[in-house]
Amino acid sequence: MERIKNLNKTTRSHIITFAIVIVAFVVMQALIAAHAVSHSIIGLLVPICAYVCMSISLNLVVGISGELSLGHAGFMSVGAFSGLVVASSLNTSINSAPLCLFVSIVIAGLFAAIAGLLVGLPVMRLRGDYLAIVTLAFGEIIKNLLNNLYVGMDNKGLHFSMKSVQALGMEGGKMLIEGPKGAVGIPQLSTFVAGFILILFTLFVVLNLIGSRTGRAIMAVRDNRIAAESVGINVTKYRLIAFVVSAALAGMAGALYAMNFSSIAPKKFDFNTSILVLVFVVLGGMGNIRGGMVAAAVLTVLPEQLRFIGDYRMLIYSVVLIGVMIVTNNPKIQRALEDFKGRFRRRGNKAAQAVDSLEGGVSDE
Amino acid sequence: MSRDATETKESQGAATTEKSANTIMAEKDEQGTVGPKTKMVPVPSDSIVPERDVNQSPVLECRHLGIDFGGLRAVDDFNMMIGRTEIAGLIGPNGAGKTTVFNLLTKVYNPTRGTILLDGVDTAGMDTARVSKTGIARTFQNIRLFDSLTVEENVRIGLHNQIKCGMWSGMFRLPRHWASEREFHNKSLELLDVFHMAGNANDIAGSLPYGAQRRLEIVRALATNPKLLLLDEPAAGMNPSETAELMETIVRIRDEFKIAILLIEHDMDLVMGICEGIAVLNFGKIIAKGTPKDIQNDTQVIEAYLGKQDDAGDGE
Amino acid sequence: MGFLTNLINGISLGSVYAIIALGYTMVYGIAKMLNFAHGDVIMVGGYVCFFAMGSLGLPPLVAVLLAVIACTCLGIVVERLAYKPLREAPSLAVLITAIGVSYFLQNSALLLWGADPKAFASVVPFPSLTLFDGQLTISSVTIVTVLAAAAIMVVLTLFTTKTKMGKAMRACSEDKGAAQLMGINVNSTISMVFAIGSGLAAIAGVLLCSAYPTLVPTTGSMPGIKAFTAAVLGGIGSIPGAALGGVLLGVIEIFAKAYIGTQLADAIVFAVLIVVLLIRPAGLLGKEIREKV
């Protein structure tokens, strides 16, 4: 009886999270069908999906693994650019747009995972702030490298260069990525439905991981590295797993994001974007997947909605950010919240005790 | 043939043969056929083990173990042997280096000198995780639990290397995941039952009262299926009745799990009550080793704890 | 002479980074926080000086002084309003708040002063120094910058080791609670640290803008990141480390730009940081902190 109750609590929470996503999707589709949604919002749907996925994946590193990553946008961009190259190359051979998108996203995830491994391997031995600054450094390196990437496609296949368009040596054909200008002529394959499915997949992977033996090891390392080592857990291995999985998921989100636009530049995926996603995660509560998702969605839509405030928009945003951080971390307010929650818990315990005595259940030894 | 006897003979033999060895060396030297003169020293043989363990190899052997922090010799010439099912004690004044010894055994620190043989395996070059898999587990002076996770999850993490399930099985919920989670659950409750904590399985570890947290740390350590369990001040903060219960529990653990236990303690009733062999540490060196009776009557020990006495006072 | 020119430019840029890095490292060492808004204080210093010289027509030295005072006050105010309430909060929360402050400063500057680049007039209006029969020219800004960085480093080191306030700062960086019990006013010590850091940022700002005369609200952002990188490179919390890291970073950046190409210069700078941290995880002059087990 106890076991079923326990199973239900975590599973219940997961079911609620999935339900929220599904309901939001259904409601949005209904509103779109009823022409009740503005064009600006419709244009934001895929970016919202992408940022929600980014938030979930970053939460895996920051909230679950307990490491500060300041270069998450780097993996997003690796995924974005590899995804669109794949999509452009396959666009002619694969007729079905969803299939082409699917393949592109999967391969983008793979490339981002490799990038995650390359960054993670040297980095996971560092601690705390040093790890953070190195992830920031890698983010900048990736952006810088992509700024110098030239990719073109002609009937001979794909051409790559780190120098210039001319160095590609193409005859005719089409430019896919033009250094700092970024990608042009992107096949716009991303749809809201695809975004919805990607969110579900990302949630599935991350929530499953958390509830598994691997996830427990990751959280053990977060809570107490020395104790985790003392029970035989390889700290570097599990930090790396969280990091690489997170990178892969970010890459997939990046591919989805990129193929929503006709063109995109590497400088879009800079330090500011990394910080943006970090803010989603922190505001939503670290390790709180659902919270991070909501924050991502709200904070992506909010600047649009506040457009009427015009130029003061970012200013107010920053003030609100500071205010929320101070309020949620103020010990007095935290204590008040705990008391409030405690009242519910006590009522809940009384109810549980009543149920127990009715069933003649097992009491604490 | 007891190991003890052999070693005593050896040390005696070593003394008598040393002279002849030197003579032999001299002869060879004159003949000019041997290299640099080798100095032979006796292997430390003042160890004792419980009689029942005498036919089995010791679970732990430390030889000349030592560590320096800069100029400070925190632990020096630490020699110890622990029998397969022995309950051993490591005592000494504060700052003597007891927890440092634990840290050396679990490779939190790397020894500067000496050898550690865990179940006959030399642990040189191993890191903490590796040494844990070789069969040593510990609790900490300042409790180190996974505070945000539940009691059961803490134990499951202890079982991490006993029940395996790959990352992919976990991520995509393949059958192996469900089978192993069932195993995890059953084994965790089994272990928690030993300490009557099965009912707390779903409580958050950080919310437990102090005594329960200490017990949970021990359960988690036992979950790793160790051959040697290190307990760092397990009775800290406990009242006499809790301490008595703890003493029973420790003996019960040894009897049921058939493992050896080495504990650091300041509570002398506990130490003298359940420890079979005791080593006393002061300023990083062992000043006395033996049975509780030996230790209680040792003047050096009394001096270390109480200062120089004019008459041999009662042991504390 | 190309090599020498590059070296001198590198040391000059590195000196600016060093001054900024010193501010980062002091705040991190004592208040244990990464002040992401530090880079933007540089920008504010630049603007104040610009308007002091331009609109108010004040002589350069006075303008610089004004900038220093303005930034010092800004630093103290920001610390009291935004960071003090979060003293006991997890470091990540403080980091996010610092980011909020950074955005706030950038956008305020945008609203107040516009996005159009301002042409900054150098605060060192002396002629350049010519050596080796005109083959090597060193601008006066460069000389002043390097001298300023060296002087600041010496003064700071003396300050933290010899003065009472300096000792108080070092005490706070070791253990705030114990320092308080010893009668040290932790609040004013931390405020002082922010004040000094922000004042230094102002100096860095005017020197940076004198050397690279375009001023926009985002001017401080990248140098801020790079200086932060320099502080970590040298060992965060270490004053000589910050100076060393800053100069090294500047030199590497200029050389990378000169001999490998402007495009990949940034990547190389950051790659160097990574390589160093892999070899010396606590930075060049940093201390490995042992966790008590």
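A separate point is the overall build of chain C. Within chain C, the regular secondary structure consists of 11 helices and four strands. Taken over C-alpha atoms, the radius of gyration comes to 19 Å for chain C, in line with the 19 Å a tight globule of 293 residues would show. Across its three principal directions, the C-alpha atoms of chain C cover 60 × 45 × 35 Å. Looking at chain C residue by residue over its 293 residues, the buried ones come to 54%. Expressed as a percentage of contacts within chain C between residues at least 6 apart in sequence, the contacts between residues at least 24 apart total 74%.

Before going further, it helps to examine the overall build of chain B. When you go through chain B residue by residue, the secondary structure sums to 11 helices and 10 strands. Going through the 316 residues of chain B one by one, you find that 40% of them count as buried.

This brings us to the pairing of strand E3 (residues 87–91) of chain B. Residue and element names in this part refer to chain B. Buried residues dominate E3, accounting for five of its five residues. Residues Ile87, Gly89 and Ile91 point to one face of E3 and Ala88 and Leu90 to the other, with burial holding for every one of them. Relative to strand E8 (residues 260–264), E3 runs parallel, the two sharing four bridges. Within E8, the position partnered with Gly89 by the bridge is Leu263. Bridge analysis of E3 against strand E9 (residues 277–282) gives four bridges, and the strand direction is parallel. Bridged to Leu90 within E9 is Ala279.

Listed per partner, the contact involves 33 residues of chain A and 36 residues of chain C. Looking at the side of chain A that touches chain C, the elements with two or more residues in it are helix H5 (128–147), helix H10 (271–284) and helix H12 (313–328) of chain A. Here the side of chain A that touches chain C gets 10 residues from one element, more than from any other, and that element is H5 of chain A. Each residue belonging to the side of chain A that touches chain C can be placed in one class, and the counts come to 23 nonpolar, six polar and four charged.

This part covers the nonpolar core. In this structure, Cys49, Cys53, Ala253 and Leu256 of chain A, Leu228 of chain B together with Leu22 and Ala67 of chain C are the most contacted members of the largest nonpolar core, which totals 295 residues. A total of 17 residues in this core trace back to one element, the largest contributor, which is helix H9 (residues 235–258) of chain A. Those residues within four positions of Leu228 of chain B in sequence are excluded, and the remaining contacts are Val59, Leu60, Ile82, Leu118, Gly135, Ile136, Ile259, Ala260 and Leu262 of chain B.

Let us now look at unusual backbone geometry. The phi torsion at His35 of chain A lies on the positive side, around 55°, for a residue other than glycine. Locating His35 of chain A in the fold gives a position in the loop between helix H1 (2–33) and helix H2 (39–64). Positive phi outside glycine occurs at Arg173 of chain B, with the angle close to 50°. Tracing the chain through its elements places Arg173 of chain B in the loop between helix H5 (167–172) and helix H6 (175–194).

Take the sheet that holds strand E6 (residues 136–138) of chain B next. Within a sheet, adjacent strands bond to each other through the backbone by hydrogen bonds, running parallel or antiparallel. Residue and element names in this part refer to chain B. If you walk across this open sheet you meet the six strands as E6-E7-E8-E3-E9-E10, and the pairing is mixed. The open sheet terminates on both sides in strands that have one partner only, identified here as E6 and strand E10 (285–290). Ignoring which end each strand starts from, the neighbouring axes of this sheet average 20° apart.

So, on to the sheet that holds strand E2 (residues 157–161) of chain A. Residues and elements named next belong to chain A. If you walk across this open sheet you meet the three strands as E2-E1-E3, and the pairing is antiparallel. Here the strands that pair on one side only, and so sit at the sheet edges, are E2 and strand E3 (174–178). Each adjacent strand pair in this sheet contributes to an overall mean axis angle of 20°, direction not counted. Seen against the sheet, helix H3 (residues 72–91) touches strand E1 (150–154), E2 and E3 and runs at an angle of roughly 175° to E3.

Residues and elements named next belong to chain C. The residue Ala21 is located in helix H1 (residues 2–31) in this model. A residue is classified by how many C-beta atoms lie within 10 Å of it, and Ala21, with 35 of them, is buried. Contacts of Ala21, omitting those with residues within four sequence positions, involve Ala227, Ala230, Ala231, Ala242, Gly245 and Gly246.

Attention shifts here to the confidence of the model for chain B. Residues and elements named next belong to chain B. Per-chain confidence: chain B averages 85 in pLDDT, with 84% of residues scoring 70 or above. For the stretch residues 1–24, pLDDT sits under 50, and the model shows 12 contacts to residues farther than four places along the chain or on other chains. Long-range and interchain partners of residues 311–316, a stretch whose pLDDT sits below 50, account for nine contacts in this model, where long-range means more than four residues apart.

This brings us to the packing of H1 of chain C against helix H9 (residues 221–234) of chain C. Residues and elements named next belong to chain C. For the pair H1 and H9, interaxial distance at closest approach is 8 Å and the crossing angle is 70°. Considered as vectors, H1 and H9 are oriented roughly perpendicular to each other. You can see that H1 and H9 cross each other, and the crossing is right-handed. Judged by residue contacts, Tyr17, Ile20, Ala21, Tyr24 and Thr25 of H1 engage Pro223, Gly224, Lys226, Ala227, Phe228, Ala230 and Ala231 from H9.

Residues and elements named next belong to chain B. Here E8 lies mainly inside the structure; five of its five residues are buried. Side chains Ala260, Leu262 and Ile264 of E8 all project onto a buried face; the interleaved residues Ile261 and Leu263 project onto the opposite face, where all are buried too. Summarising the sheet, strand E7 (residues 228–232) and E8 pair through five bridges and their orientation is parallel. Counted as the bridge partner of Leu231 is Leu263 from E8. With respect to chirality, the unit in which E7 leads through helix H8 (residues 240–257) into the neighbouring parallel E8 is right-handed.

With that settled, the discussion passes to the packing of H2 of chain A against helix H6 (residues 192–210) of chain A. Residues and elements named next belong to chain A. Running from N to C, H2 and H6 cross one another at 10°; their axes reach a closest spacing of 8 Å. When the interaxial angle is binned, H2 and H6 end up roughly parallel. Contacts between H2 and H6 involve Leu45, Val46, Cys49, Ala50, Val52, Cys53, Ile56, Ser57, Leu60 and Ile64 from the former and Phe192, Gly195, Phe196, Leu198, Ile199, Thr202, Leu203, Val206 and Ile210 from the latter. For the contact of H2 with H6, the per-class residue count stands at 16 nonpolar, three polar and no charged.

Within the element layout of this structure, Leu321 of chain A appears in helix H12. You can call Leu321 of chain A buried: it has 21 C-beta atoms within 10 Å. Considering only alpha carbons, one finds Leu321 of chain A and Leu283 of chain A, 38 residues apart in sequence, at a separation of 8.5 Å. With residues up to four places along the chain from it excluded, the contact list for Leu321 of chain A reads Val279 of chain A together with Gly100 of chain C.

We now examine helix H11 (residues 262–279) of chain C. Residue and element names in this part refer to chain C. Between its first and last C-alpha atoms H11 spans 27 Å; for 18 residues at 1.5 Å apiece the expected length is 26 Å, and the two agree. Within H11, burial applies to Asp266, Ala267, Val269, Phe270, Leu273, Ile274 and Leu277. One side of H11 carries all its buried residues, which in axial view fall inside an arc of 150°. Turned more than 90 degrees away from the buried face of H11 sit Thr262, Val275 and Ile279, all of them exposed.

Definitions and cut-offs
- Residues numbered from 1 in each chain as written.
- Chains lettered and ligands numbered in written order.
- Predicted model: local features only at pLDDT ≥ 70, side-chain atom pairs only at ≥ 80, totals over all residues.
- Helix = DSSP H or I, 4+ residues; strand = E, 2+ residues; numbered from the N terminus.
- Rg over C-alpha atoms; globule rule 2.2 N^0.38 Å.
- Buried ≥ 20, exposed ≤ 12 C-beta atoms within 10 Å, placed from the backbone.
- Contact = placed C-beta atoms within 7 Å.
- Pairing = 2+ DSSP bridges.
- Nonpolar A, V, L, I, M, F, W, Y, C, P; charged D, E, K, R; others polar.
- Core = buried A, V, L, I, M, F, W, Y, C linked by C-beta atoms within 7 Å.
- Axes fitted to C-alpha atoms, helices over the stretch in contact; angles between N-to-C directions.
- pLDDT = per-residue confidence, 0-100.
- Parallel < 35°, antiparallel > 145°, perpendicular 65-115°, else oblique.
- Left-handed = near helix turned anticlockwise from the far one by under 90°.
- Right-handed = clockwise from strand over helix to strand, strands pointing away.
- Expected span 1.5 Å × (residues − 1).
- Arc of directions from axis to C-beta.

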